[in-house]
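The chain contents come next:
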Amino acid sequence: MIDKSIASVKDAVADIFDGATVLIGGFGEAGSPIELIHALIDQGAKYLTVVNNNTGSGHVGLAALIENGQVGKMICSFPRTANSTVFPDLYNAGKIELELVPQGTLAERIRAGGAGIPGFYTATSVGTVLADGKEHRSFDEAAFSGKQYVLEKAITADFALIKAQTADRYGNLTFNKTARNFAPIMAMAATTTIVQTIQKVEVGEIEPEHVITPGIFVNRIVKVSDPQQESKLIAQGVSYP
Amino acid sequence: MSQVADIKKVGWDRNEMAKRAAQDIPDGAYVNLGIGIPEQVAKHVPDGREVIYHTENGLLGMGPTPEVGCEDPELINAGKKPVTAVKGAAYFHHADSFAMIRGQHIDICVLGAMQVSQNGDLANWSTGSKNAIPAVGGAMDLVAGVKTIFIIMQHVTKNDDAKLLEQCTFPLTGQGVVKRIYTDLAVIEVTDKGFELLELAPGISLETVVTKTAANLIDSRLKYSGGTND
């Protein structure tokens, strides 16, 4: 019998090791797996490379993981956020590395990693400083001719932490509105994908036509039925731990 | 009284710039609006036109800001502000969202700018300052992938420095990508010849725009209005 359910967020993140690359879903607070991130803070793994669109806000969630000194490098598109001082302070002090990636290139690098494609060419960033040092080439095909493209390499990871709306024990997932953002592609690109879900349903309850992420991309499911909301915690002045 | 009215008629304010740009978005267009003044374009779609708004965090069919108390933290735009979804909207993940952009499925993108050069180079993500944390978001993907790029911006900086230049001095977002620029003073098209003036804002003289533009400006107003220069 296949059952990817895990009893607690603590158990779900127990084997994340020092030096691991971790994909963390979310666009700002929408889709942020905040309970899994807090469990990773309790667990204490260090020297992590974290991939997220941003770098967190306030002193909870991703910002707290960074503030706790567990992240050596961030790969992201937009490290500045309202209410965000943790990453800027560490970056300006030279204590954290940043790989800045255009947002669509970041998404496609993750998708490519999950699809077994080691790299791809894109026109995004050609002629800018973000293309410096990267391989350039052109193509003869009519749809792409007359333009330069730059080689971008896939991102794969040891772990992905994502948030779903609904999951079954196979790991089939649905999401809520724009909280979906990076979750489906991150689920594809990690060796071990860990999901916190608001609802847990029986196999067969999610219509096959409505499955967004098929269970093959998911390894662990942990139910967090009433997740905390990052902006509310920040408004309350909460710091984690 | 007449003096007050005259002062009010000089140039376009932010709302009027957005309204002017909205006139050039055709019925049926799929449009991505950048953060700031471009967001206001959605309020000014002329009657009889249906336009679908894309927000790159994963929504096609973005609607207006929700009423106070009806915000959903999981229904936001690329600026992380609460929005609504119109009837017929669709949600999707980031790779699909940027496939819409990179694959040239989005017709028009309206963005802000720090600088635009006469060959259409755009700088709108970084001043190159050593102290600033670099942050690019989706700007480079949008200008590389969307068919038509409109810019809405003030014609000059707060210090009266030109933003329309022969060459950008800030780090580029993309090369040769800008099609048309809507400022508080004028509408300007970027063509093979450089900056072409299409229209002046109310009460603005050609001399003013020429003075505040640090590149050659071709007066193409007659051509644009359907007349000829002959």
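All values reported here derive from a predicted model rather than from experimental measurement.

What counts as what
Residues numbered from 1 in each chain as written. Chains lettered and ligands numbered in written order. Predicted model: local features only at pLDDT ≥ 70, side-chain atom pairs only at ≥ 80, totals over all residues. Helix = DSSP H or I, 4+ residues; strand = E, 2+ residues; numbered from the N terminus. Rg over C-alpha atoms; globule rule 2.2 N^0.38 Å. Buried ≥ 20, exposed ≤ 12 C-beta atoms within 10 Å, placed from the backbone. Contact = placed C-beta atoms within 7 Å. Pairing = 2+ DSSP bridges. Axes fitted to C-alpha atoms, helices over the stretch in contact; angles between N-to-C directions. Domains from an automatic or database assignment. Nonpolar A, V, L, I, M, F, W, Y, C, P; charged D, E, K, R; others polar. Parallel < 35°, antiparallel > 145°, perpendicular 65-115°, else oblique. Left-handed = near helix turned anticlockwise from the far one by under 90°.

**Re the overall build of chain A**
At step 1: When helices and strands are tallied, chain A shows seven helices and 11 strands.
At step 2: Taking 241 residues into account, the globule formula puts the C-alpha radius of gyration at 18 Å, and chain A, at 18 Å, falls close to it.
At step 3: Principal axes of the C-alpha set define a box for chain A whose edges measure 55 × 45 × 30 Å.
At step 4: By residue count, 53% of the 241 residues in chain A fall in the buried class.
At step 5: Put simply, of all contacts in chain A between residues at least 6 apart along the chain, 78% involve residues at least 24 apart.

**Some remarks on the overall build of chain B**
At step 1: If you tally the helices and strands in chain B, you get six helices and 13 strands.
At step 2: What you see for chain B is a C-alpha radius of gyration of 18 Å, in line with the 17 Å of a compact globule of 230 residues.
At step 3: Taken along its principal axes, the extent of the C-alpha atoms in chain B is 50 × 45 × 35 Å.
At step 4: Within the span of chain B, comprising 230 residues, buried residues form 43% of the whole.

**Focus on the sheet that holds strand E3 (residues 59-63) of chain B**
All names here are of chain B.
At step 1: Pairing is mixed across the open sheet formed by 10 strands, whose spatial order is E4-E3-E2-E1-E5-E8-E10-E11-E12-E13. Either end of the sheet is taken by a strand with one partner, and the two such strands are strand E4 (84-91) and strand E13 (217-219). Strand-to-strand, the axes of this sheet are offset by a mean angle of 30°, without reference to chain direction.
At step 2: In terms of strand pairing, strand E1 (residues 30-33) meets strand E2 (residues 52-55) through three bridges, oriented parallel. Bridging from a neighbouring strand, Val31 pairs with Tyr53 of E2.

**Here we look at the domain arrangement of chain A**
All names here are of chain A.
At step 1: Assigned domains within chain A: domain 1 (9-117 + 155-235) and domain 2 (119-153).
At step 2: Taken residue by residue, the interface counts eight residues in domain 1 and eight residues in domain 2.
At step 3: A per-element tally of the side of domain 1 that touches domain 2 places helix H5 (residues 103-114) first, with five residues.
At step 4: Tallied by class, residues from the side of domain 1 that touches domain 2 come to four nonpolar, two polar and two charged.

**Quick notes on unusual backbone geometry**
The bulk of non-glycine residues show a negative phi, and the bulk of peptide bonds are trans.
At step 1: Between A:Tyr240 and the following residue, A:Pro241, the backbone shows a cis peptide bond with an omega angle of 5°.
At step 2: Among the secondary structure elements, A:Pro241 is positioned in the segment after helix H7 (230-235).
At step 3: Non-glycine residue A:Tyr47 carries a positive phi angle of around 55°.
At step 4: Residue position: A:Tyr47 is located in the loop between helix H2 (34-43) and strand E2 (48-51).
At step 5: Its identity is not glycine, yet B:Lys80 carries a phi of approximately 65°, on the positive side.
At step 6: Tracing the backbone shows B:Lys80 in the loop between E3 and E4.

**Description of the interface of chain A and chain B**
At step 1: Between chain A and chain B, the residue contacts involve 39 residues of the former and 31 residues of the latter.
At step 2: Elements represented by at least two residues in the side of chain A that touches chain B include exactly helix H4 (86-92), H5 and helix H6 (183-189) of chain A.
At step 3: The biggest single contributor to the side of chain A that touches chain B is H5(A), with six residues.
At step 4: Across the side of chain A that touches chain B, the residue classes break down as 18 nonpolar, 15 polar and six charged.

**A short note on the sheet that holds strand E6 (residues 136-137) of chain A**
Residue and element names in this part refer to chain A.
At step 1: Reading across from one edge, E5-E7-E6 is the order of the three strands in this open sheet, with antiparallel pairing throughout. Edge positions in the open sheet fall to strand E5 (119-122) and E6, since each of these has one partner strand only.
At step 2: Across two bridges, the pairing between E6 and strand E7 (residues 149-153) is antiparallel. Residue pairing across strands places Arg137 opposite Tyr149, the latter belonging to E7.
At step 3: Here H5 sits on the sheet in contact with E5 and E7, set at roughly 150° to E5.

**As for the packing of H5(A) against helix H3 (residues 94-102) of chain B**
At step 1: Across the interface, H5(A) lies against H3(B) with an axial gap of 9 Å and an inter-helix angle of 125°. On the basis of their axis angle, the class for H5(A) and H3(B) is oblique. Here H5(A) runs over H3(B); the crossing is left-handed. On H3(B), the residues touching A:Gln103, A:Gly104, A:Ala107, A:Glu108 and A:Arg111 of H5(A) are B:His94, B:Ala95, B:Phe98, B:Ile101 and B:Arg102.
At step 2: Within the contact of H5(A) with H3(B), the residues separate by chemical class into four nonpolar, three polar and three charged.

**Some thoughts on the environment of A:Gly116**
Residue and element names in this part refer to chain A.
At step 1: Examined against the element boundaries, Gly116 turns out to sit in the loop between H5 and E5.
At step 2: Accessibility expressed as a C-beta count within 10 Å gives 9 for Gly116, which makes it exposed.
At step 3: Each C-alpha atom of the pair Gly116 and Ala189 lies 8.7 Å from the other, and the pair is 73 residues apart in sequence.

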